[in-house]
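Observations on chain architecture
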Amino acid sequence: MTAPAVSEVAIGDRVTPLSRAVTQEQINAYADASGDHNPIHVDPDFARSVGLPGTIAHGMLEMGILADAIASWAGGSANLLSLSCRFSKPLLPGDTIICTGTVVGVDDAGIATLDVGASSDRGDRVLTNGRATVRLSR
């Protein structure tokens with residue numbers, strides 16, 4: 001994969017949205033991989049007992065999907081220099097996460113800054129106040 005060329009990227013350009021369904025099996029696998037077995041992620045009865053509608057995806061699982069979306073647009077993960085966001089609403093098993101981004105700046109060094117975020121197919125903004133920087137090709 002090749003990063004977009006500096007000459008081809010302009011403020012207002014949009015990242016091709018990435019949609020991905022999230023299942024309880026993926027959430028369980030993420031819990032195993034990360035060691036984060038907080039019961040709000042893996043125990044539906046516990047999650048409901050604390051006021052959630054059921055289990056919820058790990059915020060870092062959601063952010064990993066967002067990173068994949070931005071890295072794909074940027075020509076690979078080596079070109080994704082930074083990524084930050086706020087976890088704002090829960091993503092539920094069975095939801096589809098839709099990741100988006102918009103170029104808000106391009107500097108002389110060939111670094112693009114993007115506003116990024118993600119929503120669920122239920123319309124909830126699950127990742128907000130996101131910012132990414134990516135290296136462009138010259």
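Relevant structure appears above.
Description of the structure in this document. The model shown is predicted, which means the values in this text are computed figures rather than measured ones.

Basis of the calculations
Residues numbered from 1 in each chain as written. Predicted model: local features only at pLDDT ≥ 70, side-chain atom pairs only at ≥ 80, totals over all residues. Heavy atoms only, no water. Disulfide = S-S within 2.5 Å. Buried < 20%, exposed > 50% of the residue type's maximum accessible area, 1.4 Å probe, protein only. Pairing = 2+ DSSP bridges. Helix = DSSP H or I, 4+ residues; strand = E, 2+ residues; numbered from the N terminus. Axes fitted to C-alpha atoms, helices over the stretch in contact; angles between N-to-C directions. Contact = heavy atoms within 4.5 Å.

Description of the state of the cysteines
Should the sulfur atoms of two cysteines be covalently bonded, the bond is a disulfide. What the rule picks out here adds up to zero disulfides. Here cysteine 99 is not cross-linked by a disulfide; its sulfur's nearest cysteine counterpart is in cysteine 85, at 9.4 Å. Overall, cysteine 99 belongs to the buried group, its relative accessible area being 0%.

Side note on the sheet that holds strand E1 (residues 18–21)
With respect to topology, five strands assemble into an open sheet ordered E1-E3-E4-E5-E2, the strand pairing being antiparallel. Each of the sheet's edge strands pairs with one partner strand only, and the pair in question is E1 and strand E2 (80–87). Between one strand and the next, the sheet's axes are offset by a mean angle of 20 degrees, whatever the strand orientation. Note that E1 and strand E3 (residues 96–106) share four bridges and pair antiparallel. Residue pairing for E3: alanine 21 is matched across the bridge by threonine 96. Helix-sheet contacts for helix H4 (residues 59–73) involve E1, E2, E3, strand E4 (111–120) and strand E5 (125–135), and the interaxial angle to E2 is about 140 degrees.

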